[in-house]
Amino acid sequence: MDALALEIENRRDDLIRLTQDLIRIPTLNPPGRNYREICEYLQARLAPRGWTCELIRAHGAPGDSEAFPRWNLVARHRGGPRGECVHFNSHHDVVEVGHGWSRDPFAAELDDGRIYGRGACDMKGGLAASIIAAEAFTALYPDHPGQIEISATADEESGGFGGVAYLAGQGAFAHVGHVIIPEPLHKDRICLGHRGVWWAEIETHGRIAHGSMPFLGDSAIRHMGAVLEEMERTLFPLLMTKRTQMPVIPEGARNSTLNINSIHGGEPDLGPDFTGLPAPCVADRCRIIIDRRFLIEEELSEVKREVAALLEKVKAQRPGFTYEIRDLFEVIPSMTDREAPVVRSTAAAIERVLGREAGYVVSPGTYDQKHIDRIGKLKNCIAYGPGVLDLAHQPDEWVGVQDMQDSARVMALVLDDILHGASGDSPGRPPVA
Ligand SMILES: [Zn+2]
């Protein structure tokens, strides 16, 4: 066993305790609980070990309030000579608990080599693994060239605007050359990026009238029905013809996809406690939310044009048809080149630690890489970390201790490779002091 591997092996109990401590701080989002607490916990751990820590609140970001301030931590370890900067970014927020748990979601029980709890896999296990990797590396090489950064950021689960987007906007990535985001993509896979997203609300209009005389009104629901029918007839088949070269997992997500998240028309739902009958009315409005995921080969403008053209076509065919469309959210696809330095370095480390070739994947959804790419202007970024992606957001979520140790070894080898310059690559950013 090499010296780095031994350092990580010796930290097994520490890794377990650290992961448990992080899970036991319930950083639920929404609404954004205990963000300050988890940042202070990490500061208390890292500062005595030679890390400079900065707690940064995303003032004015969506969701930021006095009750639920959006706190982030950026920790920096400077060594000796000038060199590259490697940054590990983890989100510290977790999604709601939901139903179906057989264990306490915040007890962080260790059972048969697995740690259970909300956020275990997504992604406090990855955060803990990156900390252990960096601590093992700096224990061996306290005067390493360049610098190592660890950030724990807010709100990834709700778009990352109070987290990575805010930090990137403040220039936090200007000097960073390499980013690893330890999201749970399996210890032997490198996630190169993600598909694009466009959410929009479509509303059709009608005219209210008595339900016994619908001919005196105009039904927005029937108009929306025509929109949905046109989607079934032309848009869904069109999307099935669009296939990407991105290695998206699961396989089905290599096509463009469209989900209709919700539909609401007519009178508001009166809820399960209401015992009366609804009033007979013709619906004067109907709304759907669409969630379109698009490929690196597609342009967002073209994606929007498809839907606009469909609505215009329905309008041309239906007397009285009017509509509105509102953009809600958009993300441009991001994909790092396989030859990028952080990718090559991680692939070599996976092969050395696990004895098999790294797999390359792209996420069907999206994560904070979008902000590092678009706002931070850094392409040399991947997601790599322990945990089984399918367990994310599920009841009885867990992370395997061995998986965390193996991926910590991979991350430590990446530090060794990049900071000690064995890869001979430059990410295109000047070395930092
Ligand atoms: Zn995550």
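Residues numbered from 1 in each chain as written. Predicted model: local features only at pLDDT ≥ 70, side-chain atom pairs only at ≥ 80, totals over all residues.

## Considerations on helix α2 (residues 12-23)
- Taking 1.5 Å per residue, twelve residues should reach 16 Å; α2 reaches 17 Å between its end C-alpha atoms and fits that length.
- Restricting attention to buried positions, one finds in α2 the residues Leu15, Leu18, Thr19, Leu22 and Ile23. End-on view of α2: buried residues confined to an arc of 130°, all on one side of the axis.
- Considering only its buried residues, α2 is in contact with α3 (35-46), β5 (114-116), α4 (120-140), β16 (398-400) and α10 (401-419). (Helix = DSSP H or I, 4+ residues; strand = E, 2+ residues; numbered from the N terminus. Expected span 1.5 Å × (residues − 1). Buried ≥ 20, exposed ≤ 12 C-beta atoms within 10 Å, placed from the backbone. Arc of directions from axis to C-beta. Contact = placed C-beta atoms within 7 Å.)

## Overview of the pairing of strand β11 (residues 285-294)
- Pairing analysis gives ten bridges linking strand β9 (residues 196-205) to β11, with the strands arranged antiparallel. Its bridge partner being in β11, Trp198 is matched across the sheet by Arg292.
- In the sheet, strand β10 (residues 257-265) pairs with β11 via eight bridges, with the strands oriented antiparallel. Bridged to Ile263 within β11 is Ile288. (Pairing = 2+ DSSP bridges.)

## Quick word on the environment of Cys381
- Following the sequence through the fold, Cys381 ends up in strand β15 (residues 381-385).
- In this structure, the C-alpha to C-alpha distance between Cys381 and Gly177, residues 204 residues apart in sequence, is 8.7 Å.

## Notes on the nonpolar core
- If you look at the biggest cluster of nonpolar residues, it comprises 95 residues, and the most contacted ones within it are Ala133, Ile382, Ala412 and Leu415.
- Here this core gets twelve residues from one element, more than from any other, and that element is α4.
- Looking at which domains feed residues into this core, each of domain 1 (3-194 + 334-419) and domain 2 (196-331) supplies at least three.
- Aside from chain neighbours lying at most four places away, what touches Leu415 is Val86, Ala133, Ala134, Phe137 and Ile148.
- Counting ten residues, the second largest nonpolar core, distinct from the first, contains Ala220, Met224, Val227 and Met231. (Core = buried A, V, L, I, M, F, W, Y, C linked by C-beta atoms within 7 Å. Domains from an automatic or database assignment.)

## Focus on the UniProt feature "domain: Peptidase M20 dimerisation" (unreviewed entry) in the protein chain
- UniProt feature "domain: Peptidase M20 dimerisation" (unreviewed entry): in the numbering of this structure it lies at residues 193-317.
- The annotated region residues 193-317 carries 31% helix and 25% strand content, and the separation between its end C-alpha atoms amounts to 41 Å. (UniProt positions renumbered as here; feature names shortened; annotations may be inferred.)

## Thoughts on the domain arrangement of the protein chain
- Each assigned domain of the protein chain is listed with its residue range as follows: domain 1 (3-194 + 334-419) and domain 2 (196-331).
- Spacing between the C-alpha centres of domain 1 and domain 2 amounts to 37 Å.
- In this assembly, seven residues from domain 1 lie in contact with ten residues from domain 2.
- Top element by residues in the side of domain 1 that touches domain 2 is strand β14 (residues 359-363). It accounts for three residues.
- The class makeup of the residues in the side of domain 1 that touches domain 2 is five nonpolar, one polar and one charged. (Nonpolar A, V, L, I, M, F, W, Y, C, P; charged D, E, K, R; others polar.)

## Here we look at the packing of helix α8 (residues 341-354) against α10
- Between α8 and α10, the least distance of the axes is 8 Å, while the angle of their chain directions is 130°. As the angle between them shows, α8 and α10 are arranged oblique. At the point where α8 passes α10, the crossing takes the right-handed sense. When α8 is examined against α10, the residues Pro341, Ser345, Thr346, Ala348, Ala349, Ile350, Arg352, Val353 and Leu354 are found in contact with a partner set consisting of Asp406, Arg409, Val410, Leu413, Val414, Asp417 and Ile418.
- Counted by class, the contact of α8 with α10 contains ten nonpolar, two polar and four charged residues. (Axes fitted to C-alpha atoms, helices over the stretch in contact; angles between N-to-C directions. Parallel < 35°, antiparallel > 145°, perpendicular 65-115°, else oblique. Left-handed = near helix turned anticlockwise from the far one by under 90°.)

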